[in-house]
Amino acid sequence: AILLASELGVTDDAIQRALDGWQPAKWRGEFRHDGQRLLYLDFYNANPASMADALDAFSSIVPADEPRLFVLGCMEELGAESAMHHRQLGRSLRLRSQDHAFVIGAQASDVVAGAADAGFSTDNIEVVATLAPVAARIAAFRGAVFMKGSRRYELEKALPGEAGSHGAGAHAGAGDANAGPLRSAFATVSTATPFGWQFSQSTAPRGSVRSSAFPFS
């Protein structure tokens, strides 16, 4: 999109303003502040690359000392390599003693096995068949919550206040005077593009796009 806009004559400043104002759609890489919880919500797709990118973005935003809760729906339609990719997901979680993870789906045991392969304790990973225990944990949780999985798992039903949810509580966006570092983290993602999409200040010829325009280069 950036390349096409540049080729069509849109100025670099206009492109940068559009990037600065960009916000993800609901439940598609969305950050929310809900009382004393910072929520990362992505319920429409899950594949190895998007999982890795989402976990990196989450880790870069959340204060290092905050408890983290991971709610993971398994990745669908990966074929013969499904077990391998789910083990890699488990290895990438890097759970600490104050963290907890729920995993739902047919490959959940491979996620647990991956965490064990990497030398992490699996005591704080739960394999669940329904979202009821997840909803109860989120409702009482104070910290940062990462939720991502394939659409079939309908992870939004574990959110407090969502229609048809398993839990109850304040609607997303409710304030809390004691949110502390999480409020600061939310302010960061609310006022700037989370991935730091910035053009360089050097001059580039019209009709080409500077490499720094691409966030993942």
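Every chain is numbered on its own, with residues counted from 1 as its sequence reads. With pLDDT at 70 or above as the cut-off, local features in this predicted model cover only qualifying residues; side-chain atom pairs require 80 or more to be listed or tallied, and sums for whole chains, interfaces and linings still use all residues. Computation of side-chain values: all heavy atoms of the structure, hydrogens and water removed.

A.B. asks: Whenever I open this one, the nonpolar core confuses me. Can you help?
C.D. replies: Nonpolar side chains tend toward joint burial in soluble globular proteins. Core analysis: the biggest nonpolar cluster contains 45 residues, and Phe70, Leu72, Val134, Ile138, Phe146, Met147 and Leu155 have the highest contact counts within it. Contributions of two or more residues to this core are made by β2 (37–42), α3 (48–61), β3 (68–73), β4 (100–104), α5 (108–117), β5 (125–128), α6 (132–140) and β6 (143–148). Strands here mean DSSP runs of E at least two residues long; helices mean DSSP runs of H or I at least four residues long; both are numbered from the N terminus. No other element matches the five residues that α3 contributes to this core. Buried Ala, Val, Leu, Ile, Met, Phe, Trp, Tyr and Cys residues that are joined via side-chain atoms within 4.5 Å together make up what is termed a nonpolar core. Categorising residues by exposure relies on relative accessible area from a 1.4 Å probe, with only protein chains included: less than 20% of the type maximum marks a residue as buried, more than 50% marks it as exposed, and the intermediate range marks it as partly exposed.

A.B. asks: Where do I start with the pattern of salt bridges in this structure?
C.D. replies: Think of it this way: side chains of opposite charge can pair up when their charged atoms draw near. Counted as salt bridges are all cases of a side-chain nitrogen of Lys or Arg within 4 Å of a carboxyl oxygen of Asp or Glu. Scanning the entire structure with this criterion turns up eight salt bridges. Among the ionic pairs, arginine 91 bridges to aspartate 117, the shortest N-O distance being 3.7 Å. Taken together, the residues arginine 91 in helix α4 (residues 82–92) and aspartate 117 in helix α5 connect sequence positions 26 residues apart. A relative accessible area of 28% places arginine 91 in the partly exposed class. The exposure class assigned to aspartate 117 is partly exposed, which follows from its relative accessible area of 47%.

A.B. asks: Is there a simple way to explain α4 in this structure?
C.D. replies: One turn of the α-helix equals 3.6 residues, which is why residues spaced by three or four share an orientation. For α4, the full list of buried residues reads Ser82, His86, Leu89 and Gly90. Looking down the long axis of α4, one finds its buried residues gathered within 100 degrees of arc, a one-sided arrangement. Arginine 94 lies just past α4 and shows a positive phi near 50 degrees. The arc in question is the one spanned by the directions pointing from the helix axis to the C-beta atoms.

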